[in-house]
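# Chains, contacts and geometry: an overview
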Amino acid sequence: MSAPRYKRILLKLSGEAFAGGQDFGLDPATFTRLASEVVQVAQSGVQVGIVIGGGNIIRGAALSELGVDRVTGDHMGMLATVINCLCMQDALEKHGVYTRVMSAMEMSKVSETFIRRRAIRHLEKGRIVLFAAGTGNPYFTTDSAATLRAIETGCDILMKATNVDGVYDKDPNKHSDAVRFDHLTYTETINRQLKVMDTSAIALCRENDMPIRVFNLNVPGNLMRAASGENIGTLVTGGD
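Please read these numbers as outputs of a predicted model, since none were measured by experiment. (Residues numbered from 1 in each chain as written. Predicted model: local features only at pLDDT ≥ 70, side-chain atom pairs only at ≥ 80, totals over all residues. Heavy atoms only, no water.)

### Digging into the overall build of the chain
Along its length, the chain carries 8 helices and 11 strands. Considering only C-alpha atoms, the chain reaches an extent of 50 × 50 × 35 Å along its principal axes. For the chain, the proportion of its 240 residues judged to be buried stands at 51%. Long-range pairs, those at least 24 residues apart, make up 72% of the contacts in the chain between residues at least 6 apart in sequence. Here the chain holds 26 positive side-chain charges and 26 negative ones, and the gap between their average locations is 6 Å. (Helix = DSSP H or I, 4+ residues; strand = E, 2+ residues; numbered from the N terminus. Buried < 20%, exposed > 50% of the residue type's maximum accessible area, 1.4 Å probe, protein only. Contact = heavy atoms within 4.5 Å. Lys, Arg positive; Asp, Glu negative; His and termini not counted. Charge placed at Lys NZ, Arg CZ, Asp CG, Glu CD.)

And the structure:
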C-alpha cells in the first residue's frame, strides 16, 4: 500500500450506512468494520476527523414533511448524529486508539463542545475527532457540517464515503447505462445537479478550494487507498 498522501482528512459518513441491511437503527457489525478501516488510516499517520449523518435514526427534513416544526425536527436530527458518533467512538476505542467527540451543541456529559483550536490540537496529537450535531443550526445538512469542519480544521481533502464507486450522471442503481465521472469541477457538479453533496456545501468547497473525493467505503481497503491518493471514485476540484 502506498504511503499516505494527505496529512489531515475529513471523512463524511452517511447515517444510513450504519443501519447495515436494515431500514433504520444501529448495526454493531457495520460500526466495527468501518472503525477498523479508519484505524488503519489513522495508524499510518493521517490525522482523521469524522462527520456522521443521522439518517439511520431520524431525519429532520422528513419530520417536517410529517408536520413536525422544522427547527425542532432538525434539532432531533442533530441529536441522532451524536448517538452515531458515540457508537463510532466506542468502536474505534476498542481498537486501542484515542478519540474525542466534539459537539456543535453543548452537552458536556457526553462530549466536548466544538472549539476550533482544541479540535486542531486533538488532531495534531493523533486523536480521531468525531464532529457531532452538525453545524448546531437548523436548515443545514451534515454535508454542510462536514465541509465547514474540514475548512475550519485545515484538512487537505474532504472524503465522502458512499455505497457507490463515485459520482454518476444518473442513479446507477436505476440506470444500467449510467456513466461514472473520474473528475468534476465544483461548477459542473452544481450545474448538472449531481447528487454529490447539497449545493451550499459544494459552493462552500469551491469558495475555499476544498477538494472532495467520493468513493465506495463498502470495498475493503478503499479508505486507505483514497488516503494514499489513489484515483478511486470521483474527485471534485476547481478548474472552473
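There is more to say, and it comes next.
### Focus: the nonpolar core
When a protein is soluble and globular, its nonpolar side chains tend to lie buried together. Counting 40 residues, the largest nonpolar core has Ile 50, Met 88 and Leu 92 as the members making the most contacts within it. If sequence neighbours within four positions are ignored, Leu 92 has contacts with Ala 35, Val 38, Val 39, Ile 50, Val 97, Thr 99, Ile 128 and Leu 130. In terms of nonpolar packing, the next biggest core, distinct from the first, is built from 26 residues, Leu 10, Leu 158, Leu 194 and Val 236 among them. (Core = buried A, V, L, I, M, F, W, Y, C linked by side-chain atoms within 4.5 Å.)

### Observations regarding helix H5 (residues 142-152)
Among the 11 residues of H5, 8 are classified as buried, and the element is accordingly described as predominantly covered. Considered for burial, the residues of H5 that qualify are Thr 142, Asp 143, Ser 144, Ala 145, Ala 146, Thr 147, Arg 149 and Ala 150. The elements touched by buried residues of H5 are strand S1 (8-13), strand S2 (47-52), helix H3 (70-93), strand S5 (128-132), strand S6 (157-162) and helix H7 (199-207). The opening residue of H5, the one whose side-chain oxygen lies 3.2 Å from the backbone nitrogen of Asp 143, is Thr 141. Remark: Gly 154 follows H5 within two positions and exhibits a positive phi of approximately 70°. (Polar contact = N/O pair within 3.5 Å; in protein donor to acceptor, adjacent residues only side chain to side chain.)

### A few points about the sheet that holds strand S3 (residues 99-103)
What the 9 strands build is an open sheet, ordered S4-S3-S5-S2-S1-S6-S10-S11-S9; its pairing is mixed. Strands at the two margins of the open sheet, each flanked by one partner only, are strand S4 (112-113) and strand S9 (183-185). Inspection of the sheet shows S3 paired to S5 by 5 bridges, in the parallel sense. The residue bridging Ser 103 from the neighbouring strand is Ala 132, located in S5. In this fold helix H1 (residues 28-43) packs onto S1, S2 and S5, with an angle of close to 155° to the strand it touches most, S2. (Pairing = 2+ DSSP bridges. Axes fitted to C-alpha atoms, helices over the stretch in contact; angles between N-to-C directions.)

### Quick notes on the pattern of salt bridges
Scanning the entire structure with this criterion turns up 10 salt bridges. Two residues, Asp 74 and Arg 70, come together in a salt bridge whose shortest N-O distance is 3.0 Å. Separated by 4 residues within a single helix, Asp 74 and Arg 70 lie in helix H3, roughly one turn from each other. Between Asp 182 and Arg 180 there is a salt bridge, with the nearest N and O atoms lying 3.1 Å from each other. Accessibility expressed as a relative area gives 44% for Asp 182, which makes it partly exposed. Here Arg 180 falls in the partly exposed class, since its relative accessible area comes to 32%. Within the structure, one salt-bridge network assembled from shared partners comprises Lys 12, Asp 143 and Lys 160. (Salt bridge = Lys/Arg side-chain N within 4 Å of Asp/Glu carboxyl O.)

So far we have only geometry, and geometry alone does not tell us how the molecule works.
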